[in-house]
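Structural description and commentary
Listed below, chain by chain, are the residues.
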2 protein chains.
Amino acid sequence: MAQPAAVPVGAAVTAVRQASLREHNLALVLRQIATADRPPSRADLATATGLTRATVSALVDDLITGRLLTEVAPAPRSGAGRPAVGLTLADHGPAGLGLEINVDYLAAVLVDLTGTVRHRAVRRVDLRPVPPAEALSLVGELISEAGAEADRQDLTLAGTALAVPGLVTATGLVRLAPNLGWRDVDVPALLGAHPILGGRGLGVDNEANLAALGELHAAPPGSANFVYISGEVGIGAGIVLHGTLFRGARGWSGEIGHVPVHPEGRPCRCGGRGCLEQYAGQEAILAAAGLTDPPSARAPSTGRPARRHGPNGPLRVDGDRADDGSAARGIPVPGAAIARLAEAAARDDPAACRALVDAATALGVAVAGVINLLDVDTVVLGGVYAPLARWLAPTVRAEIGRRVLTAAWSPVTVRAALLGGDAAALGAAGSVVRTVLEQPARWLGRTAR
Amino acid sequence: MAQPAAVPVGAAVTAVRQASLREHNLALVLRQIATADRPPSRADLATATGLTRATVSALVDDLITGRLLTEVAPAPRSGAGRPAVGLTLADHGPAGLGLEINVDYLAAVLVDLTGTVRHRAVRRVDLRPVPPAEALSLVGELISEAGAEADRQDLTLAGTALAVPGLVTATGLVRLAPNLGWRDVDVPALLGAHPILGGRGLGVDNEANLAALGELHAAPPGSANFVYISGEVGIGAGIVLHGTLFRGARGWSGEIGHVPVHPEGRPCRCGGRGCLEQYAGQEAILAAAGLTDPPSARAPSTGRPARRHGPNGPLRVDGDRADDGSAARGIPVPGAAIARLAEAAARDDPAACRALVDAATALGVAVAGVINLLDVDTVVLGGVYAPLARWLAPTVRAEIGRRVLTAAWSPVTVRAALLGGDAAALGAAGSVVRTVLEQPARWLGRTAR
């Protein structure tokens, strides 16, 4: 409560203030460039920020030296005078490494400052029989590959974040990942010493949370309130409210897979009964459709390529991994069994259609509860739900219409995720990149050492 | 994004700044006094705030003139010098009027700046057959009574807030209150012109939200994450996270009464099926216990008084209304049928016990879903659940233990609400009082005119 009316301004205080002013202004200039419609000049930046031309030039020079910015050819200009050199985010500086460990795959993506995916790898492997330390050593292999790829492409790893389908503490301890069978796995202790990470540590977070962040930044501005449902072997939810990830009291929100939909129904791995996962999880759907896939047969690395369109142009659906490091827009193939399910549904196979309607009904019941409780207006179907959304969404919408108190006058949008199966890895990499953009002084301080 | 490096300081800007500095300092001084362990002197305030003694004295004089503060006899002091006059919040200045309209009762409370309840009235009436305008004219009668009581006790109405069991927009329009049968009722238009309100308007909010705020401020510090379940004819939830009410994207969060607990179960007034209300609402419990109470017999005004203890001393359970205006600690009697249910449960009546276990099971299923989604660590049983908590809580805890993923290592507290049946009215009145304490300059400006 004690709050002095004036702060004495001594030399030390002034020095601190100048350092923090420089940090603020570096971030301000970088933000201007990141959000500009066309590469602004130094003069444009001075006008937009209210800083002097000399201050802007000094800041820009520091950001170029630190490989955060790059100069581009001037845009043609109709007015008088020589056109000025434009500035854009560098594509040869810091990059974020995003990793995901899930029940039946591992993924890694490397994203540069401009948001371009520079490397992408997916390994299909059933991790349920694999002990945590071994699973993490497979992740370590992906890290080594990504590190080599970063070197080859003249990128520097700015940080690494790992998505896990479970409950993660602030220190990166995985308290529980029921479908992996993990309990109290200290991921930073097991993986943080990897040489590529260079002692810079490793962020660990829940996969649905990171996928929701990926979706938030991939979606058009204004997509500020939604629940992202990550359908995999388990089902998680990432809740975004007013443009911010909602984490709950201890960071363990979003466990929609264990919301009861038939209170005395099927037993669940969590110890409960009638959990959503038992009716709408990937394995429940496949079993109901008669497509249960032995783990060894899942998603061969020769997965049939296909094309579809994403928000920023065509997305390529890849097999085991992107065919080269610059294959920036590939998304991993859904498990082969999920692809077979979609094919069966497309030809109106009765078992496939019934399995999808039943799963969507259970999903709709749980989602209606979420909307009644949280008042979000958009439901994003992610993970394996994304390629199945065409068949799932109508039933989910119908359950919402029946069960949500506000549905009559306040329609709820149900749509497929924009990102593919590696949304969580993309969200993880994006969170590293955004930290650099928001705190460029920290990056500059690191590279100066 | 445009952010000038310096703001030009002209005469007009200086005047604005001085006004806002005074506003800030008035609030600062008032907050010091409101949170102090003993009445501070002007000198104590100068030390605590860093303001000069002269500035503090001028601010305190304004706050005394505006009837926000009062001087009290000095506390005896062991040190040298004459003891100074202490300052406390005034008990004869502004007061907040909190109102609640629910399905089977109306409530009004008048709370002064010190948080003391100065007047309390409860009317038992079944409002389901009553059109909204008539129901609001009954509320108008409570407002008139409270206004007369404020005059008699030398209090000034600082504002009024009304709790409604439904979905309320930011402008006070009740979009839907299913159990009242209300749709698009413009409460401010129907009630805002009441002469006692003096054109100062009327805040309207969801009853579970206001009850949760009441509970937040009645509970010991540190009770920052909880879901307050308001069990009435309908069931609502107020979600408090990190000490703040969570309202959702449009202010319509917390509709736990319509979370499905048996997806193809009993039809609900909302149009859905298997909603929690149909299994754990007041009427469902009473019907299951064989105690369904015809509306005319509900809670006679001669309700048998009883005593119990609250956080600040004994709470008196009153009948129709507090017997005099100074009866600050009374809480309304639960519906007579709920009291009979509690008596039956206390003597192990099998139907009563089974009804309570069944209701608590349904409640536990819905609450487990809430905790899996929102990650709160405390469940507060409010409304008619408070006097039944002894029988409900064990089963709710058992369902949480079975169904919540984090329950094994992160125990969830399930407890009765501290406030009684008029928690929402208390929360409403408290919200008015807190606004005065946080923005005293607005109050002073009003009284000066």
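All figures in this text were calculated on a predicted structure; none of them were measured in a lab.

Quick look at the overall build of chain A now. For chain A, the count of helices and strands is 13 helices and 18 strands. Here chain A holds 449 residues, and the buried ones make up 56% of them. Sequence separation of at least 24 residues holds for 62% of the intrachain contacts in chain A that already meet a minimum separation of 6. Of the roughly 18,000 Å² of accessible surface on chain A, a fraction of 55% belongs to carbon and sulfur atoms.

To summarise the sheet geometry, strands pair through backbone hydrogen bonds and adopt either a parallel or an antiparallel arrangement. Residue and element names in this part refer to chain A. Taken in spatial order, the three strands of this open sheet run E7-E8-E9, and their pairing is antiparallel. Strands at the two margins of the open sheet, each flanked by one partner only, are strand E7 (167–168) and strand E9 (182–186). In the sheet, strand E8 (residues 173–177) pairs with E9 via four bridges, with the strands oriented antiparallel. Bridging across to E9, valine 174 finds its partner in valine 185.

To continue, consider the relation of the copies chain A and chain B. Both copies of the chain are placed relative to one another by a rotation about an axis and a shift along it. Each copy of the sequence occupies a distinct position, and chain A is placed on chain B by a rotation of 180° and an axial shift of 0.1 Å, giving an RMSD of 0.1 Å. What the superposition gives is, in effect, a two-fold axis relating one chain to the other. A share of 100% of interface residues in chain A that are also interface residues in chain B marks the association as one of identical surfaces.

Bringing the packing of aromatic side chains into the picture now. Enumeration according to the criterion identifies three aromatic pairs over all chains in this entry. Both rings, one in phenylalanine 246 of chain A and one in phenylalanine 246 of chain B, keep their centres 5.4 Å apart while their planes meet at 45°; by these two values the pair is tilted. With phenylalanine 246 of chain A in strand E13 (residues 244–246) and phenylalanine 246 of chain B in strand E13 (residues 244–246), the pair connects residues from two separate chains. When sorted by exposure, phenylalanine 246 of chain A lands in the same class as phenylalanine 246 of chain B, which is buried. Ring plane angle 80° and centroid distance 5.7 Å describe the contact between tryptophan 409 of chain A and tryptophan 252 of chain B, whose orientation is recorded as edge-to-face. Linking tryptophan 409 of chain A in the loop between helix H11 (385–403) and strand E18 (413–416) with tryptophan 252 of chain B in the loop between E13 and helix H7 (277–280), this pair reaches from one chain into another. Taking the relative accessible area as the measure of exposure, tryptophan 252 of chain B reaches 8% and is therefore buried.

Peptide bonds are trans in most cases, and residues, glycine excluded, mostly fall at negative phi. Residues and elements named next belong to chain B. At aspartate 154, a position not held by glycine, the phi torsion is positive, near 65°. Take aspartate 154: it is sitting in the loop between helix H4 (132–152) and strand E6 (156–164). Taking the relative accessible area as the measure of exposure, aspartate 154 reaches 42% and is therefore partly exposed.

Grouped together as the largest cluster of nonpolar side chains are 108 residues, with contacts concentrated most on Ile256, Val379 and Tyr385 of chain A together with Ile256, Val379 and Tyr385 of chain B. Other than its neighbours up to four places away in sequence, isoleucine 256 of chain B contacts Leu373 of chain A together with Ile229, Ile235, Gly236, Ala237, Leu276, Ala366, Val367 and Val370 of chain B.

Turning to the side chain of threonine 395 of chain B, a few remarks are in order. Tracing the chain through its elements places threonine 395 of chain B in helix H11 (residues 385–403). A relative accessible area of 15% places threonine 395 of chain B in the buried class.

Here the focus is the pattern of salt bridges. Considering all chains together, one arrives at 42 salt bridges over all chains under this definition. For glutamate 399 of chain A, the salt bridge is made with arginine 403 of chain A, and the minimal N-O distance between the two is 2.7 Å. Here glutamate 399 of chain A and its partner arginine 403 of chain A are both found in helix H11, four residues apart, which amounts to about one turn of the helix. One exposure class covers both glutamate 399 of chain A and arginine 403 of chain A, and it is buried. The partner of aspartate 184 of chain B in a salt bridge is arginine 175 of chain B, with the nearest N and O atoms 2.8 Å apart. Among the charged side chains, a network of salt bridges with common partners joins Asp126, Arg128, Arg269 and Glu283 of chain A.

Residue and element names in this part refer to chain B. At a closest axis distance of 9 Å, the pairing of helix H2 (residues 42–49) and helix H3 (residues 53–65) adopts a crossing angle of 120°. Taken together, the axes of H2 and H3 are oblique relative to one another. At the point where H2 passes H3, the crossing takes the right-handed sense. Residue-level contacts link Arg42, Ala43, Leu45, Ala46 and Thr49 of H2 to Arg53, Val56, Ser57, Val60, Asp61 and Ile64 of H3. Across the contact of H2 with H3, the residue classes tally to six nonpolar, two polar and three charged.

Every contact between the two is made by 58 residues of chain A and, on the other side, 59 residues of chain B. Interface area, chain A with chain B, both sides summed: about 5,200 Å², of which 59% is carbon and sulfur. By the criterion of area lost to chain B, the three top residues of chain A are Leu373, Leu405 and Trp409 of chain A, representing 15% of everything that side buries. The shortest N-O distance in the salt bridge between arginine 403 of chain B and glutamate 264 of chain A comes to 3.4 Å. The interface formed by chain A and chain B includes 26 residue pairs in polar contact (both at pLDDT 80 or more). Elements with a minimum of two residues in the side of chain A that touches chain B: helix H1 (11–35), helix H2 (42–49), E8, strand E12 (235–241), helix H10 (350–374) and H11 of chain A. Element by element, the count of residues in the side of chain A that touches chain B is highest for H10 of chain A, at six residues.

This next bit is on the sheet that holds strand E10 (residues 203–206) of chain B. All names here are of chain B. Taken in spatial order, the five strands make up an open sheet running E5-E4-E3-E6-E10, and their pairing is mixed. Of all strands in the sheet, those bounded by a partner on one side alone are strand E5 (117–124) and E10. Going from strand to strand, the sheet's axes swing by 15° on average, the running direction of each strand aside. Here seven bridges tie strand E3 (residues 94–101) to E6, and the two strands are oriented parallel to one another.

The next point concerns the confidence of the model for chain A. All names here are of chain A. Mean pLDDT over chain A stands at 85; residues scoring 70 or higher make up 84%. Across residues 1–13 the pLDDT falls below 50, and counting only partners more than four positions away or on other chains, this stretch makes 20 contacts in the model. For residues 294–333, every residue scores under 50 in pLDDT, and the model assigns this stretch 82 contacts once sequence neighbours within four places are set aside.

What follows is about H10 of chain A. An ideal rise of 1.5 Å per residue puts 36 Å on 25 residues; H10 of chain A measures up with 35 Å between its terminal C-alpha atoms. With 18 of 25 residues buried, H10 of chain A lies mostly within the body of the structure.

Moving on: the environment of alanine 389 of chain A. Looking at where alanine 389 of chain A falls in the secondary structure, it is placed in helix H11. Each residue touching alanine 389 of chain A, except ones within four places of it in the same chain, is listed here: Leu381, Pro394 and Ala416 of chain A.

All names here are of chain A. Along the chain, glutamate 100 turns up in strand E3 (residues 94–101). For the buried glutamate 100, no salt bridge is present, and the opposite-charge side chain at shortest range is arginine 124, 8.8 Å distant. For glutamate 100, the side chain forms a polar contact with the side chain of tyrosine 105, separated by 2.9 Å. If sequence neighbours within four positions are ignored, glutamate 100 has contacts with Tyr105, Leu106, Ala107, Leu162, Ala163, Glu207, Gly421, Asp422, Ala424 and Ala425.

Moving on: helix H9 (residues 336–346) of chain B. Residue and element names in this part refer to chain B. Along H9, the positions that sit buried rather than exposed are Ala336, Ala337, Ile338, Leu341, Ala342, Ala344 and Ala345. Residues of H9 that are buried sit in contact with helix H8 (282–288), helix H10 (350–374) and H11. Remark: aspartate 348 follows H9 within two positions and exhibits a positive phi of approximately 60°.

With respect to the element layout, glycine 271 of chain A can be found in the loop between E13 and helix H7 (277–280). The spacing of glycine 271 of chain A and proline 178 of chain A is 93 residues in sequence and 9.7 Å in space, taken between C-alpha atoms.

Our next topic: the packing of helix H9 (residues 336–346) of chain A against H11 of chain A. Residues and elements named next belong to chain A. Viewed as axis vectors pointing N to C, H9 and H11 meet at an angle of 25°, and their least axial separation amounts to 10 Å. Considering the angle they form, H9 stands roughly parallel to H11. Taken as a pair, H9 and H11 cross one another with a handedness that is left-handed. Facing Ile338, Leu341, Ala342, Ala345 and Ala346 of H9, the residues of H11 in contact are Pro387, Leu388 and Trp391. Here the contact of H9 with H11 is composed, by residue class, of eight nonpolar, no polar and no charged.

To find the voids left in a structure, one rolls a probe of water-molecule size over its atoms. Residue and element names in this part refer to chain A. Counted according to the given criterion, the structure contains nine cavities of 30 Å³ or more. In this structure, the largest cavity encloses a volume near 190 Å³. Residue lining of the largest cavity: 22 residues in total, with Pro165, Gly166, Ile235, Gly236 and Glu255 positioned closest to the centre. If you list the elements that add at least two residues to the lining of the largest cavity, you get helix H6 (207–218) and E12. By residue number, the principal contributor to the lining of the largest cavity is E12, which donates three residues. Across the lining of the largest cavity, the residue classes tally to nine nonpolar, nine polar and four charged.

Rules used throughout
Residues numbered from 1 in each chain as written. Chains lettered and ligands numbered in written order. Predicted model: local features only at pLDDT ≥ 70, side-chain atom pairs only at ≥ 80, totals over all residues. Heavy atoms only, no water. Helix = DSSP H or I, 4+ residues; strand = E, 2+ residues; numbered from the N terminus. Buried < 20%, exposed > 50% of the residue type's maximum accessible area, 1.4 Å probe, protein only. Contact = heavy atoms within 4.5 Å. Areas by Shrake-Rupley, 256 points an atom, 1.4 Å probe, with all protein chains shown as cover. Pairing = 2+ DSSP bridges. Least-squares fit on C-alpha atoms with pLDDT ≥ 70 in both. Phe/Tyr/Trp six-rings, centres within 6.5 Å; stacked < 30°, edge-to-face > 60°. Core = buried A, V, L, I, M, F, W, Y, C linked by side-chain atoms within 4.5 Å. Salt bridge = Lys/Arg side-chain N within 4 Å of Asp/Glu carboxyl O. Axes fitted to C-alpha atoms, helices over the stretch in contact; angles between N-to-C directions. Parallel < 35°, antiparallel > 145°, perpendicular 65-115°, else oblique. Left-handed = near helix turned anticlockwise from the far one by under 90°. Nonpolar A, V, L, I, M, F, W, Y, C, P; charged D, E, K, R; others polar. Buried area = accessible area lost by both parts, 1.4 Å probe. Polar contact = N/O pair within 3.5 Å; in protein donor to acceptor, adjacent residues only side chain to side chain. pLDDT = per-residue confidence, 0-100. Expected span 1.5 Å × (residues − 1). Lys, Arg positive; Asp, Glu negative; His and termini not counted. 1 Å grid on protein atoms, 1.4 Å probe; cavity = no way out; pocket = protein on both sides within 12 Å on 5 of 7 lines; lining within 4 Å. Points joined across faces, edges and corners; volume = space filled by probe spheres on them.

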